[in-house]
Amino acid sequence: MAGKLIMHAVQYDRYGGGTAGLKHVEIPVPTPNKDEVLVKLEAISLNPVDWKMQKGVMRPLFPHKFPYTPGTDVAGEVVGVGSDVKNFKAGDKVVAILSLATGGGLAEFAVAKENLTVARPPEVSAAEGAGLPIAGLTSHQALTQSAGVKLDGSGKQANILITAASGADEVLDYRNPDGAALKSPSGQKYDAVIHCAIGIPWSTFEPNLSANGKVIDITPGPISLLTFAIKKLIFSKQQMVPLFVARKGENLDYLVKLAKEGKLKTVIDSKHPLSKAEDAWDKSIEGHATGKIIVEP
């Protein structure tokens, strides 16, 4: 039945073009494979990787083929399941991470792997749930795996800098000299820097790091990879750590449960209808959103 239905989606069919390259199309509703669920989408959150892929930053790996429907972080209601799916049924509210290779988020329906789909409790809205996957998993893995922070408070306290963040215990204003030099107002050294910006050289980080400090680069490029290799070769105690986020259903489920308990809040910058997805795309490209940018079918 699903294959006979038509849905609205937003796609691009070549690299480049920015917002002008997006096209509103009517395409068949996808049919779930045996290990997939079909979700009627209620919210989609955009990530910088979505428009960076359009620019060709990840070619020739992604997208696998055109036309491509961008978006990977979604929430909605299950309306169909594959033959091997055991944990979900029609009517279940869920949060899911879609494949980066095939995308599918900016649409009315999408298929998601069962192992990358988690239950969404009533306490977590669709928009809050959709905002969790990539941003939440990146934060969780950067803190717990790369920086070694114990979220239960049992470990050693750490002083952590997050570049390109907004709102924190201490705020650095990149428009003044001390902020541009990443100097902490309290004078403390950083045990870890979760680096979310671009264009800051290692020489700026180094004097601000503790003896065993790490710079965790969430968008590693050639320069950070080279720095990582050099620091390893010279056995430096200060390290550059490239972070490649692992998409794990169990980690996403943990985050959704934290949101249910009120221990984690999804900050939402703005909401846009699917019919005006270009506005959301522009907002993301501008790079000044405070929180997640949500698209609603």
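The name an unreviewed UniProt entry gives the protein chain is Enoyl reductase (ER) domain-containing protein, with Xanthoceras sorbifolium as the organism.

Engineer: What is the right way to read the packing of helix α3 (residues 133-146) against helix α7 (residues 249-260) from this model?
Structural biologist: When two helices pack together, you describe them by how their axes are tilted relative to each other and by the distance separating the axes. Packing of α3 against α7 leaves a shortest axis separation of 10 Å and a crossing angle of 100°. What the angle tells us is that α3 and α7 run roughly perpendicular. Along the contact surface, α3 presents P133, G136, L137, H140, Q141 and Q145, while α7 presents N251, L252, Y254 and L255.

Engineer: Help me understand the environment of T102, please; the structure alone is not making it clear to me.
Structural biologist: For T102, the position within the fold is in the loop between β5 (93-97) and β6 (109-113). Accessibility expressed as a relative area gives 56% for T102, which makes it exposed. Sequence separation between T102 and P67 is 35 residues, and the spatial gap between their C-alpha atoms is 9.9 Å.

Engineer: So what exactly am I meant to see when it comes to the environment of I160 here?
Structural biologist: When you line up the elements, I160 lands in strand β8 (residues 160-162). The exposure class assigned to I160 is partly exposed, which follows from its relative accessible area of 26%. For the pair I160 and G249, spaced 89 residues apart in the sequence, the C-alpha separation amounts to 26 Å.

Engineer: Could you clarify how one ought to interpret the packing of aromatic side chains in this entry?
Structural biologist: Aromatic rings in a pair are described by how distant their centres are and how their planes are angled relative to each other. In total, this model carries three aromatic pairs according to the counting rule given. Here the aromatic rings of Y12 and Y68 are separated by 5.6 Å at their centres, their planes lie at 55°, and the arrangement is tilted. Highlighted residues: Y12 in the loop between β1 (6-11) and β2 (23-28) and Y68 in the loop between α1 (48-55) and β4 (73-81), separated in sequence by 56 residues. For Y68, a relative accessible area of 3% puts it in the buried group. Aromatic side chains Y15 and F66 sit 5.1 Å apart centroid to centroid with 85° between the ring planes, which places their arrangement in the edge-to-face category. Remark: F66 occurs in the loop between α1 and β4 and Y15 occurs in the loop between β1 and β2; sequence separation between them is 51 residues. Residue classification places Y15 among the partly exposed positions, given a relative accessible area of 23%.

What counts and how
- Residues numbered from 1 in each chain as written.
- Predicted model: local features only at pLDDT ≥ 70, side-chain atom pairs only at ≥ 80, totals over all residues.
- Heavy atoms only, no water.
- Axes fitted to C-alpha atoms, helices over the stretch in contact; angles between N-to-C directions.
- Helix = DSSP H or I, 4+ residues; strand = E, 2+ residues; numbered from the N terminus.
- Parallel < 35°, antiparallel > 145°, perpendicular 65-115°, else oblique.
- Contact = heavy atoms within 4.5 Å.
- Buried < 20%, exposed > 50% of the residue type's maximum accessible area, 1.4 Å probe, protein only.
- Phe/Tyr/Trp six-rings, centres within 6.5 Å; stacked < 30°, edge-to-face > 60°.

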